[in-house]
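# Fold and geometry: a report
Each chain, written out:
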Amino acid sequence: MKSHSVNATQFLKNEDRANWHDQTLWYVRQKRDSATQSIPEWESLRERASQIKDHVLSNLAYYLLQFEKNAFVNGVFVHWAKNATEFNKIILQIAIDNNAKNIVKSKSMLTEECGLNNFLEENGLEVVDTDLGERIIQFRKEAPSHIVLPAIHLKKEEIGQLFHEKLHTAKNNSDPEYLTNAARKHLRQKFLNADIAITGVNFALADTGTIVVCTNEGNADMGVHAAPVQIHCMGIEKLLPGSDELAVFIRMLARSATGQPITTYTSHYRKPKPNGQMHVVLVDNGRSERLQQETYKDTLKCIRCGACMNTCPVYRRSGGHSYNYVIPGPIGSILAPGTNMKKYQDLPFASSLCGSCSDVCPVKIDIHQLLYQWRQDISEKKITSPMKRYLMKMVGFILAQNYLYNFFGKFARFGLKYFPRLLIYNKLNVWGKERELPAVPDSSFKEWYIKKH
Ligand code: SF4
């Protein structure tokens, strides 16, 4: 597997794409800022949201059982999956029991996490993602590059070409309205033929056994209403005590994600339709273990709004696919090493640690501190590259010795001023590849301070 930096270098080769990717996401971040500034109590809402999540995570077993009991009373089948394998098997079994062949699915990062599409397709089922962005990347056999805007890495011209190949739209027509209508027509038929509709879950209310799904396209509702069997898939951390708590999160989710006051559809599902079936699958897949990790348990508070990605300078300029993990960006970089520290050892280092992610997070996860903590954990386990370990040791030694620090400071100031350019801006200086170092001062701060006082 290629590292984040190698993938990012590849992404940056297309300068034009890197620039508009950066600008588009920054535009979304600015929309988020305006939306949050319109709510004077935004900061207290964040605090409240964080406290609600703390409370639920501390009483998770209680709320899970309460949810199960109430959902059962509503006529819902509740399933429990320990891991991705169990989860995939449960969905397949529901399909077999209902003699189902065609499945429509609205956006769910959990199904991405568990590799559900591939598993069902290998077992002879058709799975169609109905969120427009998800359908686009499904056609391209790609993973989402963003958790809210899955096809944000693509230009409308590329989508025009893709739809021409897959949906036989007119060649070179990349008008968004035209392409959206083509997708609508194509998906309408899939909805009508579906035997099962699968959705993700944004929130689940324990006191009534209700599932809440937020979409902008209404595709979750279309699927659930048209198909006889509906399945809602949720990580066990999605629970809230009830609708009072939900109100806090509904005010925050869309504002943080896209700068909208609310998603176009905020659908509540509680009971199966007449003659229909409603299933809820509660998935653990490592969440219980994370809950026991004092340092990292706060990552379970995440409501998958994507705000930390939109603001992150590294994400914006390296693209979601550079991360090689189902959830990219700052939150992905603290989730991924928890699943496999060795495999994802580079991700916590793919950050400037500027703290912007923590500032925008609606549930106040201290993302940059956790990134920093992962760096320490990974370094302690000695799984970083030998070169990095050696260099860090050397830098640590120099920084710990006053005389060495002073000497190398002087040496660097002299060298940067008088050494030939080739000696400084060469292949070994990766920082110098894309930027000029700042002008070198004549003296260090220490020398300046001593002189002045
Ligand atoms: S970590 Fe916070 S900002 Fe990032 S996706 Fe999760 S809730 Fe949103």
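Up top you'll find the structure we're talking about.
Treat the numbers as computed from the prediction; the structure is a model and nothing was measured.

So, about helix α18 (residues 367-380). Along its 14 residues, α18 runs 20 Å from first to last C-alpha, staying within 8% of the 20 Å computed at 1.5 Å per residue. Taken as a whole, α18 has its buried residues at Ile367, His368, Leu370, Leu371, Trp374, Arg375, Asp377 and Ile378. Those residues of α18 that are buried are in contact with α14 (307-311), α16 (329-339) and α17 (356-360). A positive phi of about 60° marks Lys382, the residue just after α18.

If you look at soluble globular proteins, the nonpolar side chains tend to sit buried side by side. In terms of nonpolar packing, the biggest core is built from 81 residues, with Phe67, Phe203, Ile211, Leu239, Phe249, Ile331 and Ile365 touching the most fellow members. Residues contacting Phe67, with those up to four places away along its chain left out, are Ala204, Leu205, Ala206, Gly209, Thr210, Ile211, Leu239, Val280 and Leu282. Among the nonpolar cores identified, the runner-up in size contains 23 residues, and Leu92, Ile94, Val127 and Cys233 belong to it.

What follows concerns unusual backbone geometry. With phi around 60°, Asn324 is a residue other than glycine that occupies positive phi space. Mapped onto the elements, Asn324 comes out in the loop between α15 (313-318) and α16. A relative accessible area of 31% places Asn324 in the partly exposed class. Residues other than glycine seldom take positive phi values, yet Lys364 does so here, at roughly 60°.

The 6 strands are arranged β1-β10-β7-β4-β2-β3 in an open sheet whose pairing can be described as parallel. The outermost strands of the open sheet, each flanked by one partner alone, are β1 (77-81) and β3 (126-129). When strand polarity is set aside, the average angle formed by the axes of neighbouring strands in this sheet is 20°. Direction of pairing for strand β2 (residues 102-105) relative to β3: parallel, over a ladder of 4 bridges. Residue pairing across strands places Val104 opposite Val128, the latter belonging to β3. In the packing of helix α5 (residues 84-97) onto the sheet, the strands contacted are β1, β4 (196-199), β7 (229-235) and β10 (277-283), and the crossing angle to β1 comes to about 150°.

Around the ligand, the surrounding shell holds 13 residues, and the nearest of these are Cys302, Cys305, Gly306, Cys308 and Cys361. Grouping the amino acids of the shell around the ligand by side-chain chemistry returns 11 nonpolar, 1 polar and 1 charged.

Moving on to the pairing of strand β6 (residues 210-215). Regular strands show a simple pattern: their side chains alternate between the two faces of the sheet. Of all 6 residues in β6, 6 are buried, a share of seventy percent or more. Residues Thr210, Val212 and Cys214 point to one face of β6 and Ile211, Val213 and Thr215 to the other, with burial holding for every one of them. Bridge count for strand β5 (residues 203-205) against β6 is 3 bridges, and the pairing is antiparallel. Looking at β6, one finds that Phe203 is bridged to Val212. Between the antiparallel neighbours β5 and β6 lie 4 residues, among them Gly209 with a positive phi of about 70°. Two strands pair when backbone bridges link them, and β6 and strand β9 (residues 265-269) are joined in this way by 5 bridges, in the antiparallel orientation. Pairing of Val212 across the sheet is with His268, part of β9.

The rules we used
- Residues numbered from 1 in each chain as written.
- Predicted model: local features only at pLDDT ≥ 70, side-chain atom pairs only at ≥ 80, totals over all residues.
- Heavy atoms only, no water.
- Helix = DSSP H or I, 4+ residues; strand = E, 2+ residues; numbered from the N terminus.
- Expected span 1.5 Å × (residues − 1).
- Buried < 20%, exposed > 50% of the residue type's maximum accessible area, 1.4 Å probe, protein only.
- Contact = heavy atoms within 4.5 Å.
- Core = buried A, V, L, I, M, F, W, Y, C linked by side-chain atoms within 4.5 Å.
- Pairing = 2+ DSSP bridges.
- Axes fitted to C-alpha atoms, helices over the stretch in contact; angles between N-to-C directions.
- Near = heavy atom within 4 Å.
- Nonpolar A, V, L, I, M, F, W, Y, C, P; charged D, E, K, R; others polar.

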